[in-house]
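Residues per chain are reported as follows:
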Amino acid sequence: MATDVSPLDGVPLLDVENLQIELITAHGVIRAVDGVSFTVGEGETVTLIGESGSGKSTTAMGVLRLLPEGLAVLSGSVRIAGRDVVADPRAARALRGRTVSLIPQDPMTALSPVHTIGRQLGDALRLRHPGLSRAETRERGTELLAQVHVPRPETRWKAYPHQFSGGMLQRVLIAVALAAEPRLLIADEPTSALDATVQAGVLDLLMELQEVEGIGMLMITHDLGVARVVSDRIHVMKEGRFVESGPAGTIVDRPAEPYTRALLAAVPRLGAWDEDGLTGAVAR
Amino acid sequence: MPKYLARRLGQSLLTVFLTLTTVFLLVRLAPGDPAAAYAGPTATTADLARIRGEFGLDQPLIQQYGIFLRDLLTGNLGTSYSFRAPALDVVLDRMPYTITLAVAAIAVTAVVAVPLGVWMARRADSKRELGANVLTITGQSMPDFWTGVMLLTVFAVLLPVLPASGFTSWSGLVLPTVTVAILQLALISRLVRREMTTALNSPYITVARSRGFSERALTWRYALGNSGVPLITAIGTRFAALLNGVVVVEVVFGWPGVGSLVVRALETRDYPLIQATVLVTATLAILVQLLVDLAYPLLDPRVRLGKAA
Ligand SMILES: Nc1ncnc2c1ncn2[C@@H]1O[C@H](COP(=O)(O)OP(=O)(O)OP(=O)(O)O)[C@@H](O)[C@H]1O
Ligand SMILES: [Mg+2]
């Protein structure tokens, strides 16, 4: 299964060029993503921020070709490890769960309600390593759950999603995403359902994986504080476009655009930040 | 759980009892005279009166009901007028045939309808799905009598590969089974189609797809797994209905089940036999429903028996 770990020879892990996504909805066609370009290299974290509805999730799901066929029209190019998934949907199928994996936005609906956590995590593990025995799968799975700080992973293995809290489910989903041993991780608000201390723990874990394994990460967050700490680059998104892009420090500390400043002002922050930030609403 | 079972069984007992009482009254209020049916057209008035006395039909209704209840408590459902044998035994002799036909028909229905419904969900709103719908709905809308006779004509008369009537060998099961299955196919396949469409459009399927699973695994493992409760409900309900006897199909194929027995019991105004049939089939139907309900928590861990969902 090590066949896909080919050297990239300077090709970025993820190379998105002029991506456009049109969604066919009941109210007509909307251009949810309107010509965005960015790259994610090995060991890099690139973050998309932006108001609700600005097209962040659509970008992420488009990159994975997970938008419903026939209801989403993609153009431009998205190369994952050199393979263009816009031109070739089969490439996306081959890459998913092996080269690239997803931490989805809403943990409450992201797992099958009638299958155990162990079954779903085990399925993901066996997809990556088809030879794994039942016992090996369980051993690796509980290790992964322990790694994302799910308490008592051995007993939780046979539990169902409705027996977990949102925060716990999000950790399970991170474990499932890591089961793929991806080179590129797409994380859509991976810590939004977690409380502050756990959030820090999970972010540490993701950062560590990045350092050790050289995983590239495309991260989506509302939390500028998080973005500032984890990102190499930030792209600020509004109505399907990037209004501002640059190194994390520059975007957070010296935003050029009023939209970005409004976002900064609107985000509730942790710790020593000023309390005024809590009262602002997300600019629309 | 034991509490739930006790309550369900209590409710079931009451349902069976009320059904029996209703049937007891209805058959006696309906026109027709068991004595006349029994004695034939040459009977004299004196004959009829004697027979009525023998059957206990000369007593007031309320007294007949009292006797019926008393006998019921001892498991005695009276003697069938036409078979001159304990009514319950007559019904129980026929039950294996009805159960065999019902099991075979529901199995064939499930084996065809589930893959068909899944196939329709994967090709939702295509021309081919429409074609499948037209076919199955045609099957459902044709009178069962007509479907039975058509199958008989083709497979027993034109190409005599299968027996036309009765149960002489297992091949006699084929035509009635197919006839019944054709009637059930549209209902079950459209239910599977609907449930699978919902499941396949759920977020957990998209997320599972992001893990690299094949469409086959997504469909058969995750989506079908999430359609278990409505599917088992529908199949269980149909199965319970089939256990009441498939009257027309049994008559057309001379199948010696409860369905054809009911026809005979009604024709001869055989009150004890009608009552025994109702008791047995209603009990069976309720047992099937109970088994279906008990299966829910196995199919969906969120279901807790005895608690509102
Ligand atoms: N299934 C859908 N049907 C119709 N419109 C949709 C659908 N999904 C997204 N959209 C629209 O596409 C646009 C982009 O939505 P998207 O979910 O990508 O935003 P987002 O930036 O992820 O927002 P949030 O921060 O709330 O998650 C919005 O205008 C939204 O209304
Ligand atoms: Mg989103």
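Residues numbered from 1 in each chain as written. Chains lettered and ligands numbered in written order. Predicted model: local features only at pLDDT ≥ 70, side-chain atom pairs only at ≥ 80, totals over all residues. Heavy atoms only, no water.

S.K.: Would you mind going over the site of ligand 1 with me for this structure?
M.R.: Residue and element names in this part refer to chain A. The local shell around ligand 1 holds 15 residues, among which Ser52, Gly53, Lys56, Ser57 and Thr58 are the closest. One nitrogen or oxygen atom from the side chain of threonine 58 is found 2.5 Å from an oxygen atom belonging to ligand 1. Within the side chain of glutamine 105, a nitrogen or oxygen atom sits 2.8 Å from an oxygen atom of ligand 1. Computed on the free molecule, ligand 1 has an accessible area of 630 Å², of which 58% lies beneath the protein chains in the complex. Only β1 (14-25), β2 (28-40) and α1 (56-63) provide two or more residues apiece to the shell around ligand 1. The dominant element in the shell around ligand 1, judged by the number of residues it contributes, is α1, at three residues. (Near = heavy atom within 4 Å. Polar contact = N/O pair within 3.5 Å; in protein donor to acceptor, adjacent residues only side chain to side chain. Areas by Shrake-Rupley, 256 points an atom, 1.4 Å probe, with all protein chains shown as cover. Helix = DSSP H or I, 4+ residues; strand = E, 2+ residues; numbered from the N terminus.)

S.K.: Would you mind showing me how to read the coordination of the magnesium ion (ligand 2) here?
M.R.: Ideal values differ by geometry: the angle at a metal is 109.5 degrees with four tetrahedral donors, but 90 or 180 degrees with six octahedral donors. All names here are of chain A. All of the protein donors around the magnesium ion (ligand 2) are Ser57 (OG) and Gln105 (OE1); their distances to the metal are 1.9 to 2.3 Å. A residue pair is termed long-range when its members are at least 10 positions apart, and serine 57 in helix α1 and glutamine 105 in the loop between β6 (100-103) and α3 (117-128) qualify at 48 residues. Overall, glutamine 105 belongs to the partly exposed group, its relative accessible area being 36%. (Donors = N, O, S within 2.8 Å, 3.2 Å for Na, K, Ca; no water. Buried < 20%, exposed > 50% of the residue type's maximum accessible area, 1.4 Å probe, protein only.)

S.K.: In this structure, what is going on with the sheet that holds strand β10 (residues 241-247) of chain A? I would like to understand it.
M.R.: Picture the strands of a sheet paired through backbone hydrogen bonds; they go either parallel or antiparallel. Residue and element names in this part refer to chain A. As summarised here, the arrangement of the six strands in space is β6-β7-β8-β3-β9-β10, forming an open sheet in which the pairing is mixed. The sheet terminates laterally at β6 and β10, the two strands that pair on one side only. With strand direction ignored, the average angle separating the axes of adjacent strands in the sheet is 15°. Sheet analysis places strand β3 (residues 45-50) next to strand β9 (residues 233-238), joined by five bridges and oriented parallel. Looking across to β9, one finds that leucine 48 is bridged to histidine 235. Docked against the sheet, helix α6 (residues 166-179) engages β6 and β7 (184-188), running at close to 175° with respect to β6. (Pairing = 2+ DSSP bridges. Axes fitted to C-alpha atoms, helices over the stretch in contact; angles between N-to-C directions. Contact = heavy atoms within 4.5 Å.)

S.K.: Could you clarify how one ought to interpret the interface of chain A and chain B in this entry?
M.R.: How big an interface is tends to be reported as the loss of accessible area on association of its parts. Taken residue by residue, the interface counts 24 residues in chain A and 17 residues in chain B. Linking chain A with chain B are one salt bridge, by the criterion used here. The interface formed by chain A and chain B holds seven residue pairs in polar contact (both at pLDDT 80 or more) in total. Residue assignment for the side of chain A that touches chain B shows that the elements contributing at least two residues are β6, α3 and α6 of chain A. Among the elements that line the side of chain A that touches chain B, the one with the most residues is α3 of chain A, at five residues. Of the residues belonging to the side of chain A that touches chain B, the class tally is 14 nonpolar, six polar and four charged. (Salt bridge = Lys/Arg side-chain N within 4 Å of Asp/Glu carboxyl O. Nonpolar A, V, L, I, M, F, W, Y, C, P; charged D, E, K, R; others polar.)

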